[in-house]
Amino acid sequence: YGGMGLDFSYNIAVAEELGNIRCGGVPMAIGVQAGMATPALTRFGSHELKKQFLVPTIAGDFVACLGISEAGAGSDVANIKTTAVRKGDEYVINGGKMWITSGTQADWMCLLANTSEGPPHRNKSLICLPMNLPGIHVARKIDKMGMRSSDTAQIFFEDVRVPCKNLIGEEGKGFTYQMLQFQEERLWGVATALTPLEAIIQETIEYTRQREVFGQPVLHNQTVHFRLAELATELELLRSLLHRAVALYVEGNDVTKLASMAKLKAGRLTREVTDSCLQFWGGMGFTNEVLVSRFYRDFRLMSIGGGTDETMLSIICKYMEILPRK
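Here the structure is a predicted model, which is why all the values come from computation and not from measurement.

**Some remarks on the overall build of the chain**
Moving on, step 1. Counting secondary structure elements, the chain contains nine helices and ten strands.
Moving on, step 2. Based on the C-alpha atoms only, the size of the chain along its principal axes is roughly 80 × 40 × 40 Å.
Moving on, step 3. Within the chain, the proportion of its 326 residues that are buried is 51%.
Moving on, step 4. Considering only contacts in the chain between residues 6 or more positions apart, those separated by 24 or more positions represent 74%.

Structure (structure tokens):
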């Protein structure tokens, strides 16, 4: 379908390299296109759907977005309220989506909607939704603290009609398909953080070596250079965890637990690195002129988007079988 036929490890190599862009928004937008809105279509979609949506998306002629989160259901995917009711050979869609990356410019959405009244983990389906259909209203572009180069939209659906043939895979399997997509999304997110964090630590070393306080470089304080050494060590541990998870995933294993661990650690480490390093930049760190302040804003999303830290902890607990049994 126009791709290079490479395995997922190449996605991660690209994600790490995109860290050199020196902002979070562009790699995130590319990640939505390459590893968040398209894996389910690639794995479970019909040949016709792939020709209609996947081919132009891979070519870069279409912009894709992922329609999961809602105002009342972010990480709690099972609680989404958007419905797609089958009427004849069409689905009629009503509801809305929130925090949709690339939503103001997308040509199509990988939409998760309730297609039946059944149990919340078995009543959802993924649908390829063209964004130019009547009844789709892009309400606003959300003004965000960070990731400002990436557009994020609130979108409403009012009696939107889409052919039933736009269903990805089987009806009622959408929740399962989306959980599989989340594995790739979370691993991509971790990978995009590695190079920026490395750059922040290195630039902080260089700045604190030049900046003098009380007659000596800031870097010469043991508190400072020990802290930077600790952060660099944590970063390398995260890199190793990511690469182990990716290797297992490429071999066909379920890496939900490891992906969740990596996502949790990445969210916490991005906050730790950016906050600690910004402190060492002093007043300059509080300006918009330096990279550390931009990453401080951009990467705060890591602990929220794609599943919060708390959601990652719940998943890890489930796989470790340490939650109370119901």
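**Points about a nonpolar patch on the surface**
Moving on, step 1. On the surface, a nonpolar cluster with roughly 240 Å² of combined accessible area is contributed by Tyr-1, Val-55 and Ile-58.
Moving on, step 2. Its location among the elements puts Val-55 in helix H4 (residues 47-59).
Moving on, step 3. Judged by relative accessible area, which is 31%, Val-55 ranks as partly exposed.

**Here we look at the environment of Asp-309**
Moving on, step 1. Relative to the helices and strands, Asp-309 is located in helix H9 (residues 309-320).
Moving on, step 2. Within polar-contact distance, the side chain of Asp-309 engages the side chain of Ser-303 at 3.1 Å.

**Topic: helix H8 (residues 291-298)**
Moving on, step 1. Every buried residue of H8 is accounted for by Leu-291, Val-292, Ser-293, Phe-295 and Asp-298.
Moving on, step 2. On the buried face of H8, the contacting elements are helix H2 (25-36), helix H5 (174-210) and helix H7 (256-281).

**Quick word on the domain arrangement of the chain**
Moving on, step 1. Each assigned domain of the chain is listed here: domain 1 (37-170) and domain 2 (176-320).
Moving on, step 2. Taken together, the contact between domain 1 and domain 2 spans 20 residues of the former and 18 residues of the latter.
Moving on, step 3. For the pair domain 1 and domain 2, the summed buried area comes to about 1,400 Å², and 62% of that belongs to carbon and sulfur atoms.
Moving on, step 4. Looking only at domain 1, the three residues that lose the most surface to domain 2 are Ser-75, Met-145 and Met-147, adding up to 34% of its buried area.
Moving on, step 5. Counting the contacts that link domain 1 with domain 2 gives one salt bridge.
Moving on, step 6. Across the pair Arg-43 and Glu-184 runs a salt bridge, and its minimum N-O distance is 3.8 Å.
Moving on, step 7. At the boundary of domain 1 with domain 2, the tally comes to four residue pairs in polar contact (both at pLDDT 80 or more).
Moving on, step 8. For the side of domain 1 that touches domain 2, the element with the highest residue contribution is helix H3 (residues 39-44), accounting for four residues.
Moving on, step 9. Residues of the side of domain 1 that touches domain 2, tallied by class, amount to twelve nonpolar, five polar and three charged.

**Description of the pairing of strand S7 (residues 152-163)**
Moving on, step 1. Bridge count for strand S3 (residues 90-101) against S7 is nine bridges, and the pairing is antiparallel. For Lys-97, the partnering residue across the bridge sits in S7 and is Ile-155.
Moving on, step 2. The pairing of strand S6 (residues 136-141) with S7 spans five bridges and is antiparallel. Residue pairing across strands places Arg-140 opposite Gln-154, the latter belonging to S7.

**Structural notes on the side chain of Gln-183**
Moving on, step 1. Relative to the elements of secondary structure, Gln-183 occurs in helix H5.
Moving on, step 2. Note on Gln-183: relative accessible area 5%, which makes it buried.
Moving on, step 3. If we ignore the near neighbours within four places in the chain, the residues touching Gln-183 are Tyr-249, Asp-254, Val-255, Thr-256 and Ala-259.

**What to know about the UniProt feature "domain: Acyl-CoA dehydrogenase/oxidase C-terminal" (unreviewed entry) in the chain**
Moving on, step 1. The sites that UniProt annotates as "domain: Acyl-CoA dehydrogenase/oxidase C-terminal" (unreviewed entry) are residues 172-318.
Moving on, step 2. Helix makes up 75% of residues 172-318 and strand 3%, and the two end C-alpha atoms of the span are 23 Å apart.

**Considering the pattern of salt bridges**
Moving on, step 1. Under the defined criterion, the tally for this structure stands at 16 salt bridges.
Moving on, step 2. The closest approach of N and O atoms between Glu-170 and Lys-173, which form a salt bridge, is 3.5 Å.
Moving on, step 3. Among the residues examined, Lys-173 registers a relative accessible area of 33% and is labelled partly exposed.
Moving on, step 4. One salt bridge connects Arg-227 with Glu-230, and the closest N-O pair in it is separated by 3.3 Å. With Arg-227 and Glu-230 both in helix H6 (residues 222-250) and three residues apart, this pair spans about one turn of that helix.
Moving on, step 5. Assessed through its relative accessible area of 21%, Arg-227 is described here as partly exposed.
Moving on, step 6. Each of Glu-16, Glu-198, Glu-236 and Arg-239 takes part in one network of salt bridges that share partners.

**Let's talk about the packing of H5 against H7**
Moving on, step 1. At a minimum axis separation of 9 Å, H5 and H7 run at an interaxial angle of 25 degrees. Considering the angle they form, H5 stands roughly parallel to H7. Considering the relative orientation of H5 and H7, their crossing is left-handed.
Moving on, step 2. Of the residues in the contact of H5 with H7, the class split is 15 nonpolar, seven polar and three charged.

Cut-offs applied
- Residues numbered from 1 in each chain as written.
- Predicted model: local features only at pLDDT ≥ 70, side-chain atom pairs only at ≥ 80, totals over all residues.
- Heavy atoms only, no water.
- Helix = DSSP H or I, 4+ residues; strand = E, 2+ residues; numbered from the N terminus.
- Buried < 20%, exposed > 50% of the residue type's maximum accessible area, 1.4 Å probe, protein only.
- Contact = heavy atoms within 4.5 Å.
- Patch = residues over 30% accessible without salt bridge, like charges linked within 9 Å, V, L, I, M, F, W, Y side chains within 5 Å.
- Areas by Shrake-Rupley, 256 points an atom, 1.4 Å probe, with all protein chains shown as cover.
- Salt bridge = Lys/Arg side-chain N within 4 Å of Asp/Glu carboxyl O.
- Polar contact = N/O pair within 3.5 Å; in protein donor to acceptor, adjacent residues only side chain to side chain.
- Domains from an automatic or database assignment.
- Buried area = accessible area lost by both parts, 1.4 Å probe.
- Nonpolar A, V, L, I, M, F, W, Y, C, P; charged D, E, K, R; others polar.
- Pairing = 2+ DSSP bridges.
- UniProt positions renumbered as here; feature names shortened; annotations may be inferred.
- Axes fitted to C-alpha atoms, helices over the stretch in contact; angles between N-to-C directions.
- Parallel < 35°, antiparallel > 145°, perpendicular 65-115°, else oblique.
- Left-handed = near helix turned anticlockwise from the far one by under 90°.

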